[in-house]
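Structural overview
One-letter residues, chain by chain:
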Amino acid sequence: MAAPTASGGDIISDLPVLTRKDFVSNQEVRWCPGCGDYSILAQMQKMLPDLKVPREKIVFISGIGCSSRFPYYVESYGFHSIHGRALTLATGLKSARPDLSVFVVTGDGDGLSIGGNHLLHAMRRNIDLNVVLFNNRIYGLTKGQYSPTSEFGKVTKSSPYGTTEKPLNPIRVALAAGATFVARSIDRDTKHLEETLFKAAQHKGISFVEVYQNCNIFNDGAYAAFTDKEVRQDRMVYLESGKPVRFGKNMEHGIRLNGFTPEVVMNAASDDGLLVHDAATDNITLANILVGMDYPEFPVPVGIFRDVAAPTFDQLLQKQVDDAMAKGAGKFEDVLYSGETWTVS
Amino acid sequence: MVSRPMTTESPVRPERAVEELDRVTIRFAGDSGDGMQLTGTQFTKTTAVFGNDLATLPDYPAEIRAPTGSLPGVSGFQLSFASTDIRTPGDQPDVLVAMNPAAVRTNVNDLREGGLLIVDEDEFNASNLKKAGYPSNPLEDGSLARWQVVRVPITHHNELALDGLPLNAAQKFKSRNFYALGLILWLYGRSMDTTIRWAEERFGRMPEQLDANVRALKAGYNFGETTELFRTRYEVPPAEVEPGTYRHISGNEATALGFLAASIKAGIPLFYASYPITPASDVLHELSKLRNFGVKTVQAEDEIAAIGAAIGAAYGGHMALTGTSGPGLALKSEALNLAVMTELPLVVIDVQRAGPSTGMPTKTEQADLLQAMYGRNGDSPVAIVAPATPSECFTMAVEAYRIALKYMVPVIYLSDGYLGNGSEPWRIPSLSDLPDVTYRYHTDPATFSPYRRDPETLARPWAVPGTKGLEHRIGGIEKSSETGDIDYDPGNHHRMTMFRKERVERIVNDLPPLEVSGPATGDVLVLGWGGTYGAITTAAERARRRGLSVSSAHLRYLNPFPGNLETVLRSFKKVLIPELNTGQLSLLIRGKFLIDAVPFNKIAGQPFKIAEIEGKIDEVLGLSGPYELQFGPASVLGG
Ligand code: SF4
């Protein structure tokens, strides 16, 4: 078989109809019973057939942590790499092989602490990868230390007196680094999660989905205050681009801006004056204001913060190669004999 | 500056003798802004085209903008050219061209006694003398009496030559190096054509600069012709070399071309990810030009990302490569272990430099051998190859990939700053001279298991994403020796560790035997590896010419060693191992073969001089007392 080319060369597959079952591997799933990861896996497996991408063209790459076991459980190509570095492997793979559909599964420790640098650079490059960050605000695999998203003052095994550091907001980081698709969802809202993962996968360029994930062993109920079914509609706001930002059981409340400061408008009868979400704008100010809203002062926003089109790193690189080749494929002799040469007979 | 009449006006051409020499070593030294690397490179090219054998040693300060005229700002370029086959850039320069007092101060002690010291006398003003730390002008106070000093008003002549050009004084000052080059070209009877052709190409779009440089060049040349300062002109006839077409090449260029050649031979596109680091960045520069060969390069955000990307590309079926220097190799070690564990073909270039830590980035050393061997957690063998000369950087790159692909194993390619920046004439090979570089993607689902090994090489199958029916998972966790599933079984870990070890050991079946230069048995074998080849081989040759029983051998394969190494070692009474480290190969040889090898170590950021190795040989043979390395005062290039 010849070497793979950008377009996949001769590794062409027909498009069989796949179902969720086709993406379930033979490996026994080893997360703690009740862990939020199960839901993310299930929504991913449900969503994948809808992409209509042949299974052999799908690659899952992860780092280290509970979430990073994910590739073992998806029947596709999978690479369980080392702590924090999944994005680096994914960057190399996608750059070399733009024909593949590459997913990166990471966590708050893996993606924002040890691998934080790579996250920034993958975002700014806009390489066509699908990044899903499971945020449980704790280190699970190492058994309960605080993470870069743990709340200020949190008491954990490694912070018996409470932490003395402020958390990072992953969405803010992604926005600041120039990610072209930025979204948040929660493990407990399966429909929203599946939809969000699907849209993220369809986005050309980097997509970043933060999933609020419950670690029922080391940080149980981290998000319960606003994700519990009974309170969810009042304490969370589902963002929809082009629509006024509204929440509540009957969508009766809204958000408006006072300068750059958001305000809750209880029982807003009319949409007049309410903030209208726009995920497609180049300007990240609005998304930044929205992501600053947090419980209990505000309903917690989920949904797509940003979704803009831009050329991707892998395509631009491929284009340089294609353009250069179109002008004439390189002849090795030309390179060998470049510069001054002389002949001795 | 004192103005003085131009001697170029002199109508009478002085008579002078022409002396024929076998070999000349010249060093150009000046402020890092004086363009000495350019002068050196241009003289080198002309000399190569003329047909001399040659070797170069560029040496530049780490501080790109060290204060003008200061000692740390001095940059140098040494080359040795000869009518015979030579392998080193020379122990001691015969000629030193110094563009300012700081360049004299830092270099003159390396100059051979009685050697020619050509200075720009205009630069010996109070301010420059002070910056160089000279209490009085060495041109006047007799302190340079051991050398033949030729004072040339280079700055002034250059200014006169450029008179009328629409350039300011600072711009004109920049052409002084062309003046110096012209003078040296004249001194050795070389033509200005190569440099003029190069300048036309380089400055084609800047006509004033082109004009200035060519005028300066000619002025320098004509000054040599007309002045009476030089009593003798020198000739170094062309060397007898193998017929063929030649070019001039540096080690880093040869490395880049070698990997391109390997990729063409194999028919797999090359993917290079790297983070800029001295002295390896040139490899990135070279490869990033080659998009028309399908070469993809990524400048990664850090060293770890660079190797991570290379692993990703290797997993994707590309010929993946990353490159760095010692500090970067340290950063890459965890990821390199992932490549060991996942058994992917990957080459890591390490252009070594003086360490530890940041060390001396622009100075050479070969102290990463043990890092390459053992610098990872767990039992983690990789293959290691090391070119011995700048042009061998080409062939060893092909070797690195031949091994990586056949054995599905990471290979470390140990070059060094001396090889990478050094250059020599290179007989241009043809692709058909190179060994085959083959690979195989696994495609058959019926026979696929991620860790089912080839019985001969123990290589696991390369199953690249996109291949239908081979969906599987790999990773850094220990894998079952058959299925590749996660496996913590004690017997399995033992078995897998042994597989990884034995797979690297079996590479020996694919290696050429170690060749001995000189008789196959005798009193002393001088064993080396890497960039010390020239000095070692020449020192052993000279010892034989003195009637001593000394041979030399040079290892290009460090892990595994060539199969006949032990036999070679045991054929000599003594084994001397010179290294630019504290004894790393010595440790490996002693540990593996229980042979009481004698280490000879220099850790000065500089290559060995031939005389140093000869001195140690005499000691080992009992012809002299203990040999001590002599380190002169601060010098740019000398040891
Ligand atoms: S430790 Fe927490 S995050 Fe990890 S598997 Fe268990 S519940 Fe899930």
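First things first, this report covers the structure right here in the doc. (Residues numbered from 1 in each chain as written. Chains lettered and ligands numbered in written order. Predicted model: local features only at pLDDT ≥ 70, side-chain atom pairs only at ≥ 80, totals over all residues.)

Quick look at the overall build of chain A now. Helix and strand counts for chain A come out as twelve helices and twelve strands. Relative to its length of 345 residues, chain A is compact, with a C-alpha radius of gyration of 23 Å against a globular reference of 20 Å. When its C-alpha atoms are laid out on the principal axes, chain A stretches across 90 × 50 × 45 Å. Residues counted as buried form 48% of the 345 residues belonging to chain A. Sequence separation of 24 or more characterises 65% of the internal contacts of chain A that already satisfy a separation of 6 or more. (Helix = DSSP H or I, 4+ residues; strand = E, 2+ residues; numbered from the N terminus. Rg over C-alpha atoms; globule rule 2.2 N^0.38 Å. Buried ≥ 20, exposed ≤ 12 C-beta atoms within 10 Å, placed from the backbone. Contact = placed C-beta atoms within 7 Å.)

Near the ligand the following residues occur: Trp31(A), Cys32(A), Cys35(A), Asp37(A), Cys66(A), Asn136(A), Gly140(A), Cys215(A), Asn216(A), Ile217(A) and Phe218(A). Partitioning the shell around the ligand into residue classes produces seven nonpolar, three polar and one charged. (Near = placed C-beta within 6 Å. Nonpolar A, V, L, I, M, F, W, Y, C, P; charged D, E, K, R; others polar.)

Between chain B and chain A, the residue contacts involve 60 residues of the former and 56 residues of the latter. Within the residue set of the side of chain B that touches chain A, elements represented by two or more residues are α1 (36-50), β9 (244-250), α9 (251-266), β10 (270-274), β11 (296-299), α11 (303-315), α12 (326-342) and β17 (473-475) of chain B. It is α11(B) that provides the largest number of residues to the side of chain B that touches chain A, a total of nine residues. Within the side of chain B that touches chain A, the residues separate by chemical class into 30 nonpolar, 19 polar and eleven charged. Pairing geometry for strand β2 (residues 77-80) of chain A and β17(B), over three bridges, is parallel. Residue Phe79(A) lies in a different strand from β17(B), and its bridge partner there is Ile474(B). (Pairing = 2+ DSSP bridges.)

All right, on to the sheet that holds strand β12 (residues 341-344) of chain A then. One open sheet accounts for three strands, arranged β12(A)-β9(B)-β16(B); its pairing is antiparallel. Each edge of the sheet is formed by a strand with only one pairing partner; in this case those strands are β12 of chain A together with β16 (423-427) of chain B. Strand-to-strand, the axes of this sheet are offset by a mean angle of 35°, without reference to chain direction. Pairing of β9(B) with β16(B), which is carried by five bridges, proceeds in the antiparallel orientation. (Axes fitted to C-alpha atoms, helices over the stretch in contact; angles between N-to-C directions.)

Attention now moves to the packing of helix α6 (residues 176-187) of chain B against helix α8 (residues 207-226) of chain B. All names here are of chain B. One can describe the packing of α6 onto α8 by two numbers: an axis separation of 7 Å at closest approach and a directional angle of 40°. Accordingly, the angle class assigned to the pair α6 and α8 is oblique. The way α6 lies across α8 gives a crossing that is right-handed. Across from Arg-176, Phe-178, Tyr-179, Ala-180, Leu-181, Gly-182, Leu-183, Leu-185, Trp-186 and Leu-187 in α6, the residues of α8 making contact are Asn-213, Ala-216, Leu-217, Lys-218, Ala-219, Gly-220, Tyr-221, Phe-223, Gly-224 and Glu-225. (Parallel < 35°, antiparallel > 145°, perpendicular 65-115°, else oblique. Left-handed = near helix turned anticlockwise from the far one by under 90°.)

Next up on the list: the nonpolar core. Grouped burial of nonpolar side chains is what soluble globular proteins tend to show. Of all hydrophobic cores here, the largest spans 255 residues; its most connected members are Ala310(B), Ile311(B), Tyr401(B), Val411(B), Tyr413(B) and Val526(B). For this core, the element with the most residues is helix α14 (residues 392-407) of chain B, which contributes eleven residues. Those residues in contact with Val411(B), other than ones at most four positions away along the chain, are Val347(B), Val382(B), Ala383(B), Val385(B), Ala400(B), Ile403(B) and Ala404(B). Core analysis: the second largest hydrophobic core is formed by eight residues, Cys35(A), Cys66(A), Tyr139(A) and Phe218(A) among them. (Core = buried A, V, L, I, M, F, W, Y, C linked by C-beta atoms within 7 Å.)

All names here are of chain B. Its place among the elements puts Ala-397 in helix α14. Along the chain, Ala-397 and Ala-339 lie 58 residues apart, while their C-alpha atoms are 19 Å from each other. Ala-397 has contacts with Thr-255, Gly-258, Phe-259, Ala-262 and Tyr-413, leaving out every residue within four places of it along the chain.

Another aspect to go through is the packing of helix α3 (residues 86-96) of chain A against α11(B). It is at 6 Å that the axes of α3(A) and α11(B) come closest, and there the two elements cross at 50°. When the axes of α3(A) and α11(B) are compared, the pair comes out oblique. Where α3(A) crosses over α11(B), the handedness of that crossing is right-handed. Between α3(A), through Thr88(A), Leu89(A), Ala90(A), Thr91(A), Gly92(A), Leu93(A), Ser95(A) and Ala96(A), and α11(B), the contact on the second element is made entirely by Ile304(B), Ala305(B), Gly308(B), Ala309(B), Ala310(B), Ile311(B), Gly312(B), Ala313(B) and Tyr315(B). Residue composition of the contact of α3(A) with α11(B), by class: eleven nonpolar, six polar and no charged.

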